[in-house]
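# Architecture and fold: a report
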Amino acid sequence: MTAPRPPRGLSDTARAYVLNAPAMIVIGLLVAYPIAYSFWLSLHRYNLKLPALERFVWFQNYVSLVTDPVFLNSLWVTVMFVVVVLGLTVLLGTTLALVLNETFLGRGVLRSLVLLPWAMPGVVNGLMWRTIFDAKTGALNGLLLQLGLIDSYQAWLTSPTGAFLITAFAQVWNTLPFTVIILLAGLSTIPSEQYDVAKVDRAGVVQRFTQVTLPWLLHPLLIVLILETMNAFRAFDTIYVLTGGGPGDATNVIAVLNVRTVLTYTDFGLGSAYSWVITIVTLVISIGYISTLYQRGRIDV
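Residues numbered from 1 in each chain as written. Predicted model: local features only at pLDDT ≥ 70, side-chain atom pairs only at ≥ 80, totals over all residues. Heavy atoms only, no water.

### A few points about the nonpolar core
Heads up, the rule is: By nonpolar core we mean a set of buried residues, namely Ala, Val, Leu, Ile, Met, Phe, Trp, Tyr and Cys, connected to one another through side-chain atoms within 4.5 Å. Partly exposed describes any residue whose relative accessible area lies between the buried limit of under 20% and the exposed limit of over 50%, with all areas from a 1.4 Å probe on protein chains only and scaled to the type maximum. Only runs of H or I of at least four residues qualify as helices and only runs of E of at least two qualify as strands under DSSP, and these elements are numbered from the N terminus. Should any heavy atoms of two residues lie within 4.5 Å, those residues are considered in contact.
One finds Leu65, Phe81 and Val253 to be the most contacted residues of the largest nonpolar core, which totals 26 residues. Only helix H2 (60-66), helix H3 (69-100), helix H7 (160-188), helix H9 (205-233), helix H11 (254-263) and helix H12 (268-296) provide two or more residues apiece to this core. It is H12 that provides the largest number of residues to this core, a total of six residues. Excluding anything up to four places from it in sequence, Phe81 contacts Phe164, Thr167, Ala168, Gln171, Ala232, Ala235, Ile239 and Val253. With 14 residues, the next largest nonpolar core counts Leu100, Val114, Ala198 and Leu217 among its residues.

Structure (structure tokens):
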């Protein structure tokens, strides 16, 4: 079945709108309507367990979040989680990209292996790390015990600090390949002549990195910051499977609190407000990053 031809005599702009209209309608139905409906729900007191109390409450759900200590604590945990994940991702991603950009035997195999964590779903990632750090049968405990580094099996996930760092590391491990790919693409665009000139000027390794490599990686790094910040702020599946938000509230990020509010307490009004808080925060952060990108220069894609 062929698409209908647009009427003759239309301008190029009008033809573009006519040809893209079916796709835009589908996108509007599949994306715009659910987003608008979730915002409409966030303005209501809407709990499936209490249908008789359903009513329009304007922004009362959002106001209640500001005074809710559970939400404020969850917001603090989320911010700390994003900072740790983002720092480790940028540091490890830059290091791996620089190593994989060099020429050595087996580089192609190593590049392929680096992609494996990215292909693993978040739920499977959480189950894998929970098995590794299990207090009774965990592979890490068995390895450390055989090496004589510990005297008995340790319950790694029962410590608030340990659980927080393990969940952050699991998130980094799952999303790190994407950062490596972006930075490798940026490194491939650097002209080799610039390194030759730097060597002639007797620039050391650190100077070549700061004066040549880093300026060329600025835009790829900022793109990584945008996407990885959004991913870390919305992280749910790995954390939920690995710790369930515990112990206590150590890993109770906003996404976990949001899902618990909707599925456990069936409070769709407050849950929608949580979702919009995540959306607004990630949008503000993204706008900040994008503003920095445009101030630094033009992005060539």
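### Considerations on the layout of surface pockets
What counts, and what does not: Lining residues are defined by having an atom within 4 Å of a point belonging to a cavity or pocket. Those points lie on a 1 Å grid over the protein atoms alone, cavities being sets where a 1.4 Å probe fits but cannot get out and pockets being open sets with protein on both sides within 12 Å along at least five of seven lines. Grid points are joined across faces, edges and corners, and a volume is the space filled by probe spheres set on the points. Nonpolar residues are Ala, Val, Leu, Ile, Met, Phe, Trp, Tyr, Cys and Pro. Charged residues are Asp, Glu, Lys and Arg, and all others, Gly as well, are polar.
If you add up the space inside the largest pocket, you get close to 390 Å³. Along its surface, the largest pocket is lined by 13 residues, and Leu98, Glu102, Tyr195, Arg208 and Thr213 are the ones closest to its centre. Mapped by element, the contributors of at least two residues to the lining of the largest pocket are helix H8 (192-200) and H9. Of all the elements, H9 adds the most residues to the lining of the largest pocket, at four residues. Partitioned by chemical class, the residues of the lining of the largest pocket number five nonpolar, four polar and four charged.

From the geometry alone we can't say anything about function, so treat these as descriptive.
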